[in-house]
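Read off the chains here:
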Amino acid sequence: MSSVAGSSTRSRALSVGHAAGWAWGKLGDMLDGPFRALQRHIGAHRMAYVFLLPNILVFGLFSFWPMLLNFYIAFTGGQSVILSDRPFVGLDNFRELLNCPSYLDPKTCPVAGFSFWTGVWNTLFFAVVQVPVMIVTALITALILNREIRARGFWRAIYFYPVMLSPVVIAVTWDWVLKRRGILNALLENVVDGWNAFAGTTLFPFFLFTVLAIALSQLLARFSRPLAIGAALAIAPLVAWLVPHEVWSLPTYRPVNWLIDARSGWPTFWVIFVYTWGHLGFYMLILLAGLQAIPKDLYEAAEMDGTSRSRQFWRITLPLLAPTMIVVLVLSLIRAFQVFDEVYVLTGGGPGQATKMIVQHIYESAFIGDAKRYGIAAASSVLVAGVLLILTLAQLAATRKRAGG
């Protein structure tokens with residue numbers, strides 16, 4: 001019965017497939033005549049523009065038109081979204097953003113300038129720290145995953161998986177981990193309590209004796225093995241049984257406000273960590289492709305010459321991977337200047353203004369609060385677009401240089 005049912009299902013699937021193919025063929029026949037007539041009218045060399053036209057229209061509607069609109073709004077004032085109701089103010093919005101007694105101290109700036117320059121400096125600090133961390137971590141991960149290790153495909157998928165997640169999902173997940181009553185504080189508290197409980201047991205001196213004996217014997221073995229063994233047997237028991245166990249106990253763990261205490265620096269650290277964790281797989285994949293493009297015979301020749309692994313890395317891997325790393329550097333810089341989603345969901349720009357980025361300033365200027373300052377938001381985004389344009393041109397130059405060899 002099951003074979004009959006399966007045969008019937010396959011027959012229905014084939015029928016549906018044949019029907020779809022027939023309909024698709026008929027549609028092609030219907031369009032063939034008009035397209036032939038159009039080709040005779042405009043010429044074969046212009047038909048490419050006809051096929052590109054739908055994409056050009058969509059791209060222009062959702063990319064070019066908003067860019068032109070934003071550029072126009074940057075030179076207007078008022079709170080209306082209707083363009084005809086927005087008065088032309090020239091460069092006033094840019095002057096308000098740039099009119100600051102000290103760019104290094106945003107507190108000396110007016111309200112709009114304070115928010116703008118706070119976002120600028122926070123974003124610059126984020127980019128300067130996060131980008132090198134991202135590149136080094138991605139390079140190390142790519143080097144490891146390029147080797148013949150067990151379950152290499154599985155580990156590549158694991159590291160790439162966060163890239164497929166929504167930034168909001170990433171931020172919410174890490175918020176569960178990092179809040180005061182979150183997973184990290186609970187884990188650290190259990191570790192401290194468990195260690196203190198273990199330090200008070202009768203087994204702890206034996207554990208301490210074993211660890212100290214091994215450490216001392218390894219440390220002194222380079223001088224004299226009998227001396228190492230004698231010192232280990234003489235010192236380790238004294239330390240293990242005569243030193244009170246309270247000395248080895250850890251202080252009671254107090255839950256840390258990882259995302260709230262600005263003086264500790266933890267909010268900035270975790271913002272960089274979470275963003276790096278979420279985007280690491282993308283850059284790792286690019287570097288992995290670059291590593292696999294390096295000819296294997298170079299490494300084989302180096303091994304035949306007795307070249308060490310570290311020298312192979314500095315003399316072969318790094319120079320040949322440099323063009324790929326330049327692309328990764330420019331891409332990660334551009335993404336770092338656009339950081340918003342993860343940080344906004346994770347910290348909301350706080351505590352205070354500690355993690356407020358430039359894109360958050362643009363968003364809040366335009367959409368948060370009763371006074372919607374679309375002109376200030378648009379002017380800020382024009383300035384940021386200028387920086388991104390420079391980075392994009394640098395990427396194009398690096399790509400062309402790579403293509404040219």
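Note that the structure is a prediction, hence the values are computed from the model and not measured.

What counts, and where the lines are drawn
- Numbers given to residues run from 1 along each chain, matching the order in which its sequence is written.
- At least 70 in pLDDT is required for a residue's local features to be given in this predicted model, at least 80 for side-chain atom pairs to be given and counted, and no such filter applies to totals for whole chains, interfaces and linings, which use all residues.
- Side-chain descriptors were evaluated using all non-hydrogen atoms of the structure, hydrogens and water having been removed beforehand.
- The nonpolar core is taken to be a set of buried Ala, Val, Leu, Ile, Met, Phe, Trp, Tyr and Cys residues, with the residues joined through side-chain atoms within 4.5 Å.
- Each residue is assigned to one of three classes by its accessible area relative to the maximum for its type, calculated with a 1.4 Å probe on protein chains only: buried under 20%, partly exposed between the two thresholds, exposed over 50%.
- We count a stretch as a helix when DSSP gives it H or I for four or more residues in a row; a strand needs E for two or more, and each element gets its number in order from the N terminus.
- By definition in these notes, contact holds between two residues if any of their heavy atoms fall within 4.5 Å.
- Only rings of Phe, Tyr and Trp enter the pairing, Trp through its six-membered ring, and a pair is recorded when the two centres are within 6.5 Å. The plane angle decides the type: under 30 degrees is stacked, over 60 is edge-to-face, the rest tilted.
- By convention in these notes, a salt bridge is any Lys or Arg side-chain nitrogen within 4 Å of a carboxyl oxygen on Asp or Glu.
- To estimate how far a helix should reach, multiply one less than its number of residues by 1.5 Å.
- Along the arc lie the directions from the helix axis toward the C-beta atoms.
- For helices, the fitted line uses only the C-alpha atoms of the stretch in contact; every axis is such a line through C-alpha atoms, and the angle between N-to-C directions lies from 0 to 180 degrees.
- Any angle that falls under 35 degrees is termed roughly parallel, while one over 145 is termed roughly antiparallel, one within 65 to 115 roughly perpendicular, and all others oblique.
- Left-handed describes a crossing whose near helix is turned anticlockwise from the far helix by less than a right angle; the clockwise case is right-handed.

Asker: What is the right way to read the nonpolar core from this model?
Answerer: Soluble globular proteins: nonpolar side chains tend toward being buried together. Residues F126 and L287 are the most contacted members of the largest nonpolar core, which totals 55 residues. Breaking this core down by element, the ones donating at least two residues are α3 (92-98), α4 (111-145), α10 (266-292), α11 (296-304), α12 (309-337), α14 (358-367) and α15 (374-403). For this core, the element with the highest residue contribution is α4, accounting for 13 residues. If near-sequence neighbours (up to four positions away) are discounted, F126 is found in contact with V131, V271, I272, Y275, A336, V339 and M357. Residues W174, V192, L259 and L346 belong to the second largest nonpolar core, which totals 13 residues.

Asker: What's the story with the packing of aromatic side chains in this structure? I'm lost.
Answerer: In this description, a pair of aromatic rings is defined by centroid distance and the angle of the planes. One pass over the structure, following the stated rule, counts 30 aromatic pairs. Pairing W266 with W270 gives two aromatic rings, centres 6.3 Å apart and planes at 25 degrees, and the pair type is stacked. Here W266 and its partner W270 are both found in helix α10, four residues apart, which amounts to about one turn of the helix. Site record: aromatic cluster; members linked through ring pairs are W174, W258, W266, F269, W270, F273 and W277.

Asker: Looking at this structure, how should I read unusual backbone geometry?
Answerer: Residues other than glycine predominantly adopt negative phi, and peptide bonds predominantly adopt the trans conformation. Cis geometry is adopted by the peptide bond preceding P351, which originates at G350 and carries an omega value of 0 degrees. Its identity as a non-glycine residue notwithstanding, A151 has a phi of 55 degrees, on the positive side. Position of A151 among the secondary structure elements: in the loop between α4 and α5 (152-160). Judged by its relative accessible area of 41%, A151 falls in the partly exposed class.

Asker: Looking at this structure, I do not really get the pattern of salt bridges. What am I missing?
Answerer: A pair can form between side chains of opposite charge whenever their charged atoms are brought close. Overall, the coordinates contain five salt bridges when judged by the stated rule. Taking the shortest distance from any N to any O, the salt bridge between E96 and R373 comes out at 2.7 Å. On the criterion of sequence distance, the pair formed by E96 in helix α3 and R373 in the loop between α14 and α15 is long-range, its members being 277 residues apart. Classification of E96 by relative accessible area gives partly exposed; the value is 26%. By relative accessible area, which is 35% here, R373 ends up partly exposed.

Asker: Please clarify how helix α6 (residues 167-178) should be interpreted in this entry.
Answerer: For α6, with 12 residues, the first-to-last C-alpha span of 16 Å sits near the 16 Å given by 1.5 Å per residue. Every buried residue of α6 is accounted for by I170, A171, W174, V177 and L178. Down the axis, α6 shows its buried residues gathered within 115 degrees of arc, on one side only. The secondary structure elements touched by the buried residues of α6 are α7 (183-199), α10 and α13 (341-346).

Asker: Would you explain the packing of α11 against α12 in this entry?
Answerer: A pair of packed helices is captured by two measures, namely the crossing angle of their axes and the spacing between those axes. Interhelical geometry of α11 versus α12 gives an angle of 155 degrees and a closest axis separation of 11 Å. Here α11 lies roughly antiparallel to α12, going by the angle between them. In the crossing of α11 with α12, the sense of the turn from one axis to the other is right-handed. Side by side, α11 and α12 meet where L298, Y299, A302 and E303 of the first sit next to R309, Q312, I316, T317 and L320 of the second.

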